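# Breakdown of the fold
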Amino acid sequence: MLDDVGASGIVTTSDLLGSLPLDGMPTMCLDRDAAVIDGRSTVRPPLPDDSERLAYVIYTSGSTGRPKGVEVTHANLVHSLCGMIDGPGLSDADVVLAVTTLAFDPALLERLGPLLVGGHVWLADAADVASGERFAERLNRGGFTLLQATPATFRMLFDAGWEGDRGLRVFVGGEALPRSLAQRLAEQCAEVWNVYGPTEATIWSSCWRVSADADEIRIGRPISNTQMYVLDDLLQPVPPGVPGQLYIGGEGVTRGYRGRPDLTAQHFVPNPFVADPSARLYATGDRVRLGADRELEYLERTDRQVKIRGFRIELGEIEAVLTEHDGIRQSLVLGRGTGTLDARLVAYVVIEPGASVTPSEIRRYLRERLPDYMVPGFVLEIEHFPLTPNGKVDRAALPDPLASTVRATAEHIPPETPGEILIARIWSSLLGRDAIGRHDNFYELGGHSLLGLKAAAAIRREAGFVLNPRAMFFQTLTQLAEQLERNES
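Here the structure is a predicted model, which means the values were calculated and not measured.

If you trace the three strands from one edge of the open sheet to the other, you get β3-β4-β14, paired in antiparallel fashion. Edge positions in the open sheet fall to β3 (54–60) and β14 (256–257), since each of these has one partner strand only. Bridge count for strand β4 (residues 68–73) against β14 is two bridges, and the pairing is antiparallel. Among the inter-strand pairings, Glu71 is bridged to a residue of β14, identified as Gly256. Packed on one face of the sheet, helix α2 (residues 74–89) meets β3 and β4 and runs near 75° to β4.

See below:
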């Protein structure tokens, strides 16, 4: 139990909020000579003296194989919730369908935000959210005014036949929002807000309303009581239009990493732009610039962190686990297609001389030590890593399995039974591969969790067989077909 949560270990907020004057809207003040934006607000919730006590610790991926626990106080949480209530806005008329797992801090906005203003929260069934068709059916039964989800989740809904809802506002966050998806949502829903924020600054830090005719996607401006700074390597503000690293200040900046003072000092730095000596900035590692429209635009990461389907992943954490395998001499993990809805993790490994390790064995080894979303869809064995003239690994020279015909199995045997032929046809359509073999594995051919859901839905439509998408993680085409054929008999 956390040492300063309290005897019950239960997070409460009602005693912190009291009666909030939530009628003030934020005003954004821009320094025209530097990319500094301040989200000011008249909303300053009254907080008791003990509001700096720890509310919760939430873990994120770490580059050394050791997850980082972010310490969030009650004050951080209250200010974050009030900022989102202030704008984009929540009201007592809202009915929110909560779909985010509690492993991610946006779940707190879904569950607590509406209740703080007298709204309603419906907790979605996990099985409904996992199936695009069931998810769409749940939404179509009507009555919801707000849905928060990742771009990948909204794409899954559209693929399942969802046609949007002109009475529904949506918050989209967790990964880059593709323009085509943003435009479709804006055309088919009441409001669309692109929300951005790292865990270290408590849930969301900025928001931007998407229009159907938007040419480019922005992460917008900070929410209430939050400041954003675009700085160079010397922590000096850069002019608008010039790329720099995004630093976040304000009431949402958390304590830091639990039990990691070195890492905390590296990423949480003193704020030189305010008089308060205790104020700090969080270095996001995100490269951004301030556009001509005075809205922030996300460009890329400055480190080896990637976001895939809403999950923040340190590639070094996967590599650290791989190098602990006795049969692996070297490893390198890349995110291919990052920033798109078809993003995948690819692991490149050099095997120890004399060792015999298959991609399936490596992925099974990783799955025993890492969550599913961190297990690479592709594991490619190479003889050695290509090097640049200065001796560094030449990442551009590594084979891209998404753009090649690299096969995951050594021997190709065409499908034979009716069940194998049916599943192979579905896989071929989803993966864009012509030759699907009996011994192939869906994920080793390039599948991922969302495509797995689509495959399972297609099998159910065509054969009436309800296949658990997780079964495709390690089973071959033949093994899955045997289940289908047993069901038919």
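Next, the rest of the story.
Turning our attention to the packing of aromatic side chains. This model, assessed by the stated rule, comprises six aromatic pairs. Consider the rings of Phe154 and Trp162, whose centres lie 6.5 Å apart with planes at 35°: the pair is tilted. By relative accessible area, Phe154 is classed as buried at 0%. We classify Trp162 as buried; its relative accessible area is 1%.

As a further point, take helix α7 (residues 179–188). Buried residues of α7: Leu181, Ala182, Leu185, Ala186 and Gln188, and no others. Those residues of α7 hidden inside the fold are in contact with α6 (151–159), β8 (165–172) and β9 (189–196).

This part is about the pattern of salt bridges. Summed over all chains, the structure comprises 23 salt bridges. Close ionic contact of Glu133 with Arg461 constitutes a salt bridge, the shortest N to O distance being 3.0 Å. In this pair, Glu133 is assigned in helix α5 (residues 132–140) and Arg461 in helix α12 (residues 449–463), connecting sequence segments 328 residues apart. With its nearest N and O atoms 3.1 Å apart, the salt bridge here joins Glu216 to Arg218. Note on Glu216: relative accessible area 43%, which makes it partly exposed. Residues participating in the shared-partner salt-bridge network are Glu216, Arg218, Arg289, Asp293 and Glu297.

Moving on to helix α11 (residues 418–431). Under the 1.5 Å per step criterion, the end-to-end length of α11 is 20 Å for 14 residues, consistent within 8% with the ideal 20 Å. Taken together, the buried positions of α11 are occupied by Gly419, Glu420, Leu422, Ile423, Ala424, Ile426, Trp427, Ser428 and Leu431.

What counts, and where the lines are drawn
Residues numbered from 1 in each chain as written. Predicted model: local features only at pLDDT ≥ 70, side-chain atom pairs only at ≥ 80, totals over all residues. Heavy atoms only, no water. Pairing = 2+ DSSP bridges. Helix = DSSP H or I, 4+ residues; strand = E, 2+ residues; numbered from the N terminus. Contact = heavy atoms within 4.5 Å. Axes fitted to C-alpha atoms, helices over the stretch in contact; angles between N-to-C directions. Phe/Tyr/Trp six-rings, centres within 6.5 Å; stacked < 30°, edge-to-face > 60°. Buried < 20%, exposed > 50% of the residue type's maximum accessible area, 1.4 Å probe, protein only. Salt bridge = Lys/Arg side-chain N within 4 Å of Asp/Glu carboxyl O. Expected span 1.5 Å × (residues − 1).

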